[in-house]
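Structural description and commentary
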Amino acid sequence: MTAPREDAFDVCIVGSGAGGGMAAYQLTRAGARVVLLEAGVPWDNTTDSAMMKWPYESPRRGMSTPERPFGEFDGCIGGWEIDGEPYTVAAGEQFGWWRARMVGGRTNHWGRISLRFGPDDFRRRTLDGLGDDWPVSYDDVAPYYDAVERLIGVFGSAEGIHNQPDGIFLPPPRPRCWELLIQRASHQLGIPCVASRLSILTRPLGDRPACHYCGQCSRGCRTNSNFSSTNVLVAPAVATGRLTLRTGSMAREVTVDARGRATGVTYIDKATGAERHVGARVVVLAASACESARLLLNSTSPQFPHGLANGAGVVGRYLTDTTGTDVAAFIPRLMDHVPHNEDGVGGAHLYMPWWLDNRRLGFPRGYHIEIWGGLDQPSYGFLGGVEQFPAGGGWGRQLKADYRRYYGSVVGFSGRGEMVPNADCYCELDPAVKDRWGIPVLRFHWQWADSERAQVKHMQETFRAIIAEMGGTPTSAMPGADQGYGIADGGRIIHELGTTRMGRDPATSVVNEHCRAHEVPNLFIADGGPFVSQADKNPTWTILALSMRTSDYIVAQRKAGAL
């Protein structure tokens with residue numbers, strides 16, 4: 001049965017996260033009539049956030065729930081497991097696929113770490129012979145980083161580090177006590193520890209006020225002082241009168257005409273189960289790297305029997321995720337603290353950019369270090385494992401006294417590093433499994449390489465050296481080679497990239513330097529799929545910049561009559 005067809009829009013965007021939100025914002029401002037399909041529920045952080053809710057107001061005390069794995073007050077609805085939306089993993093391998101199901105997508109979840117890729121990150125093959133160079137350079141993307149920073153706002157400090165480019169920064173908040181101790185120990189070891197770069201306002205920007213330092217960024221900001229696509233990009237696009245937002249719309253396939261040009265998107269109305277079709281002159285996929293790949297692979301036709309834009313069999317390939325590992329530590333100097341003001345943003349005020357030369361190490365790519373600790377609001381699981389502390393736990397008044405003494409005495413370190421794409425990491429359609437709407441699901445293949453395990457070993461050793469310098473004790477033993485030195489499973493850092501990568505050669509890439517499909521001239525991809533490499537930085541800032549660049553290209557091509 002053919003799905004009912006609707007009048008054509010200028011553009012159909014799938015996904016309302018960083019890439020989709022930015023595309024909707026740019027294209028509606030340019031005058032395009034846009035329909036935005038979002039598989040999740042409506043969400044407005046100014047009204048739906050639990051930002052000021054006390055843990056004791058819930059019988060769970062903030063414990064995680066199936067739809068909020070990071071805690072019931074977390075601002076993101078989704079997770080690694082979604083009822084009715086399975087995925088599979090090849091036998092003997094490990095991969096977790098996080099999906100958000102709400103307006104704004106994963107921008108309601110992320111830590112707002114807003115790092116530009118550096119000049120070297122766009123030409124790694126030239127520098128070390130591994131992976132591939134991007135078909136664009138830092139200079140091509142830099143004006144869009146500038147524009148994103150002026151639009152959204154990011155705090156930080158100018159450091160002049162070659163491959164950690166400075167941006168247009170708002171003033172950073174001052175470091176807190178525990179952060180100053182980490183910074184002192186890091187500097188003693190020759191490790192830079194500088195102001196974080198977070199998209200949280202420390203000065204008013206437009207109609208958005210500065211952060212009031214409640215520290216609840218992960219719950220969704222009621223004042224819009226931090227960035228999420230929901231109210232910084234999507235809501236202004238709706239306000240133009242040119243954006244039609246459809247939630248609960250699960251995209252099934254991109255349709256094409258006899259010439260092989262995209263004609264729109266067929267989707268499932270999740271509320272009724274009905275199949276519908278929306279027509280569009282241009283289609284932009286921004287559903288996340290893996291979801292967009294799934295949509296292309298499911299979009300088969302006589303012109304594209306193996307999936308749309310997949311004539312070379314590249315869709316789903318070159319999948320990467322950030323490498324990661326963590327270590328927590330007990331720091332005696334932070335015990336018995338004097339009560340003091342520790343206000344700040346919902347994240348660390350400091351971080352450590354990559355500082356070494358990989359040519360002198362046993363692994364090819366670097367990492368940055370994120371830190372955590374402080375006097376967070378006690379909730380479910382607070383100071384779990386108190387029996388490991390020197391007092392050894394207890395009961396009654398003594399236990400309560402120990403909780404007060406040890407409150408704030410734990411700090412932690414998280415490494416986030418670059419993975420080199422390899423042939424063993426990809427996604428494909430599972431030949432047998434379908435979701436609740438009958439759409440074939442993805443099957444993942446994943447293998448870390450020895451270079452990534454060596455990188456993570458270096459992370460673990462570095463964290464433990466800093467802890468020793470602070471006079472602390474790690475709460476876990478150093479993991480060995482049999483444990484991959486503590487490397488997180490693929491997908492667990494939630495930075496999956498690639499699968500529809502950009503390049504000049506259609507035989508090895510899906511889209512060109514403007515994120516336009518080689519084989520389908522009116523199809524574009526505006527999420528993490530076009531990334532050629534991972535970099536040692538979080539990807540959201542680059543997704544935003546590339547989406548803005550692609551949107552400007554679409555506008556220019558429309559004006560020229562080429563689309």
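Provided above is the structure to which this section pertains.
**Focus: the overall build of the chain**
When helices and strands are tallied, the chain shows 10 helices and 18 strands. Taken over the C-alpha trace, the chain has a radius of gyration of 23 Å; the compact-globule value for 563 residues is 24 Å, and the two agree within 12%. The principal-axis extent of the C-alpha atoms belonging to the chain is close to 75 × 50 × 45 Å. Considering the chain as a whole, with its 563 residues, one finds that 59% of them fall into the buried category. The contacts in the chain between residues at least 6 apart in sequence include a share of 72% that link residues at least 24 apart. When the accessible surface of the chain is split by element, carbon and sulfur atoms take 50% of a total near 22,100 Å². Distance from the positive charge centre (57 side chains) to the negative charge centre (60 side chains) of the chain: 4 Å.

**Comments concerning the packing of aromatic side chains**
All chains considered together, the criterion is met by 28 aromatic pairs. Judged by centre distance (6.2 Å) and plane angle (55°), the rings of W354 and F363 are tilted. Using a relative accessible area of 11% as the deciding quantity, one classes W354 as buried. Here F363 falls in the buried class, since its relative accessible area comes to 5%. Taken together, the ring pairs connect Y87, F95, W97, F444, W446 and W448 into an aromatic cluster. Across from the ring centre of W97, 4.6 Å away, lies the NZ or CZ of R99, which sits over that ring. Note that K457 overlies the ring of Y485, its terminal NZ or CZ placed 5.8 Å from the centroid.

**Quick word on the state of the cysteines**
A complete count under the given rule lists zero disulfides for this structure. In this structure C217 is not part of a disulfide, and its nearest cysteine sulfur, from C211, lies 5.4 Å away. Note on C217: relative accessible area 8%, which makes it buried. Looking at C290, it has no disulfide partner, and the nearest cysteine sulfur is the one in C427, 4.6 Å off. Judged by relative accessible area, which is 0%, C290 ranks as buried.

**Section: the side chain of D536**
Following the sequence through the fold, D536 ends up in the loop between strand 18 (523–525) and helix 10 (540–559). Judged by relative accessible area, which is 4%, D536 ranks as buried. Within the local environment of D536, its side chain forms a polar contact with the side chain of K537, the two groups lying 2.9 Å apart. Once you skip the residues sitting within four places of it in the chain, D536 turns out to touch D121, Q164, W354, G366, Y367, H368, R416, G417 and E418.

**Some words on the pattern of salt bridges**
By the definition in use, this model includes 34 salt bridges. For E67, the salt bridge goes to R68, with nearest N and O atoms at 3.3 Å. Note that R101 and E291 form a salt bridge whose closest N and O atoms lie 3.3 Å from each other. Taken together, the residues R101 in the loop between strand 5 (99–100) and helix 3 (124–128) and E291 in helix 7 (residues 289–297) connect sequence positions 190 residues apart. By the burial criterion, R101 is buried, and E291 matches it. Each of D121, R124, D128, R365, E418, D536 and K537 takes part in salt bridges that share partners, so that together they form one network.

**Some remarks on the sheet that holds strand 13 (residues 367–373)**
Pairing in this open sheet of six strands is antiparallel, and the strands run 6-12-13-14-11-17 from one edge to the other. Every other strand in the sheet has two partners, leaving strand 6 (194–195) and strand 17 (473–474) as the edge strands with one partner each. Across eight bridges, the pairing between strand 11 (residues 323–330) and strand 14 (residues 410–417) is antiparallel. Across the sheet, residue F330 finds its bridge partner in strand 14, namely V410. Here helix 5 (residues 177–188) sits on the sheet in contact with strand 12 (350–352), strand 13 and strand 14, set at roughly 145° to strand 13.

**Section: the sheet that holds strand 16 (residues 440–445)**
Ordered in space as 4-16-15, the three strands form an open sheet in which the pairing is mixed. Since the sheet does not close on itself, it has two edges, and those belong to strand 4 (88–89) and strand 15 (426–434), each with one partner. Here strand 15 pairs with strand 16 via five bridges, running antiparallel. Looking at strand 16, one finds that E428 is bridged to R443. Helix-sheet contacts for helix 7 involve strand 15 and strand 16, and the interaxial angle to strand 16 is about 125°.

Rules behind the numbers
Residues numbered from 1 in each chain as written. Predicted model: local features only at pLDDT ≥ 70, side-chain atom pairs only at ≥ 80, totals over all residues. Heavy atoms only, no water. Helix = DSSP H or I, 4+ residues; strand = E, 2+ residues; numbered from the N terminus. Rg over C-alpha atoms; globule rule 2.2 N^0.38 Å. Buried < 20%, exposed > 50% of the residue type's maximum accessible area, 1.4 Å probe, protein only. Contact = heavy atoms within 4.5 Å. Areas by Shrake-Rupley, 256 points an atom, 1.4 Å probe, with all protein chains shown as cover. Lys, Arg positive; Asp, Glu negative; His and termini not counted. Charge placed at Lys NZ, Arg CZ, Asp CG, Glu CD. Phe/Tyr/Trp six-rings, centres within 6.5 Å; stacked < 30°, edge-to-face > 60°. Lys NZ or Arg CZ within 6 Å of the ring centre and 35° of its normal. Disulfide = S-S within 2.5 Å. Polar contact = N/O pair within 3.5 Å; in protein donor to acceptor, adjacent residues only side chain to side chain. Salt bridge = Lys/Arg side-chain N within 4 Å of Asp/Glu carboxyl O. Pairing = 2+ DSSP bridges. Axes fitted to C-alpha atoms, helices over the stretch in contact; angles between N-to-C directions.

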